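What follows is each chain in one-letter form.
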Amino acid sequence: MTHTKIDIIHQAYLQSPDEENMTLLTEACQGLIRYYARLYGGGYCFEDLCQSGYEGLLKAVYNYDEKMGVKFSTYSSHLIIGEIRHFVRRERKYYYPPFLENYQRKLDDIVESKLEDNDNELPPEEELASMLNLQTASIFPVMRAGLVRLGDLEISNIKAKEQESFTLPIEDRLLLSQMMYRLTDIQKDVIVMLFHEGMTQEEVARKLGLTQKQVSRIKLKSLNKMRTDTEEE
């Protein structure tokens, strides 16, 4: 259902806020809730995710004011997403690489920008993937990051659509992150700064308050550990 139809049904509810119109509005928003539950849910119980979405919808119904300057469909979508993400954050337990968090943040921004176009259906996975330079199958594994152990993430499904200059492909960065997961904090910092941020050993040393020789030893020890772990797997 388009956002415009949701707004029409909501107007009917405002004119007659009875149980029947509330039911119609809830049914009209069901597609939104299920879409966001699937997009942001990361594999958690779908019913629990949808329930969180309905809580967001109810908050929107009771707090919406036309003076806000946004349509109800846009406002309710923000609250539905917010409640689902709040549920996910409560349940989240696992470390995931910062660059995946960046993909998630970009995805949030894209979805929010699409909400401003109230005549369009929700963006399909293909469109979201294209805007993030990811293959379509990457969308849901990316959103699932942080909800499962890094070793259980479907890395084979997360791939870049086109190679970006001067950066490792996302699949290679994920493999590196999986191996980094077993390093100490200082080892992780050195590897990230050298290989993800492109810093020199001298720059890393200044940043971490180490000598260049210490950085070099930590780098070699970290790479050897990751290489050994890879061979064992």
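Everything quoted here is computed from the prediction, not taken from an experiment.

Before going further, it helps to spend a moment on the environment of L24. By secondary structure assignment, the location of L24 is in helix α2 (residues 19-28). Expressed as a C-alpha distance, the spacing of L24 and I6, which sit 18 residues apart in the sequence, is 9.4 Å.

Once that is clear, we can look at helix α3 (residues 30-40). L32, I33, Y36, A37, L39 and Y40 are the residues of α3 that are buried. Seen end-on, α3 carries its buried residues on one side only, within an arc spanning 170°.

With that settled, the discussion passes to the packing of aromatic side chains. Across all of its chains, the model carries four aromatic pairs by this definition. The interplanar angle of 90° and the centroid separation of 5.5 Å between the aromatic rings of Y64 and F72 together place this pair among those described as edge-to-face. Neither residue differs from the other here; Y64 and F72 are each classed as buried. Its relative accessible area of 16% is what places Y64 among the buried residues. Linked through ring pairs, Y35, Y36 and Y40 together constitute an aromatic cluster.

A few words now on unusual backbone geometry. Positive phi, close to 60°, is recorded for N133, a residue that is not glycine. Position of N133 among the secondary structure elements: in the loop between α7 (125-132) and α8 (139-144). Its relative accessible area of 17% is what places N133 among the buried residues.

Now for the nonpolar core. Judged by nonpolar contacts, the single largest core of 44 residues is most densely connected at Y36 and I170. The element that contributes the greatest number of residues to this core is helix α5 (residues 72-91), accounting for seven residues. Apart from the residues within four sequence positions on either side, I170 is in contact with F99, L100, Y103, L134, I158, K159 and A160.

What follows deals with the packing of α2 against helix α4 (residues 46-63). Packing of α2 against α4 brings their axes to within 11 Å, and their N-to-C directions diverge by 130°. On the basis of the axis angle, α2 is oblique to α4. Considering the relative orientation of α2 and α4, their crossing is right-handed. Residues M22, L25 and T26 of α2 touch α4, and the partners they reach there are Y54, L57, L58 and V61. When its residues are assigned to classes, the contact of α2 with α4 shows six nonpolar, one polar and no charged.

The rules behind each value
- Residues numbered from 1 in each chain as written.
- Predicted model: local features only at pLDDT ≥ 70, side-chain atom pairs only at ≥ 80, totals over all residues.
- Heavy atoms only, no water.
- Helix = DSSP H or I, 4+ residues; strand = E, 2+ residues; numbered from the N terminus.
- Buried < 20%, exposed > 50% of the residue type's maximum accessible area, 1.4 Å probe, protein only.
- Arc of directions from axis to C-beta.
- Phe/Tyr/Trp six-rings, centres within 6.5 Å; stacked < 30°, edge-to-face > 60°.
- Core = buried A, V, L, I, M, F, W, Y, C linked by side-chain atoms within 4.5 Å.
- Contact = heavy atoms within 4.5 Å.
- Axes fitted to C-alpha atoms, helices over the stretch in contact; angles between N-to-C directions.
- Parallel < 35°, antiparallel > 145°, perpendicular 65-115°, else oblique.
- Left-handed = near helix turned anticlockwise from the far one by under 90°.
- Nonpolar A, V, L, I, M, F, W, Y, C, P; charged D, E, K, R; others polar.

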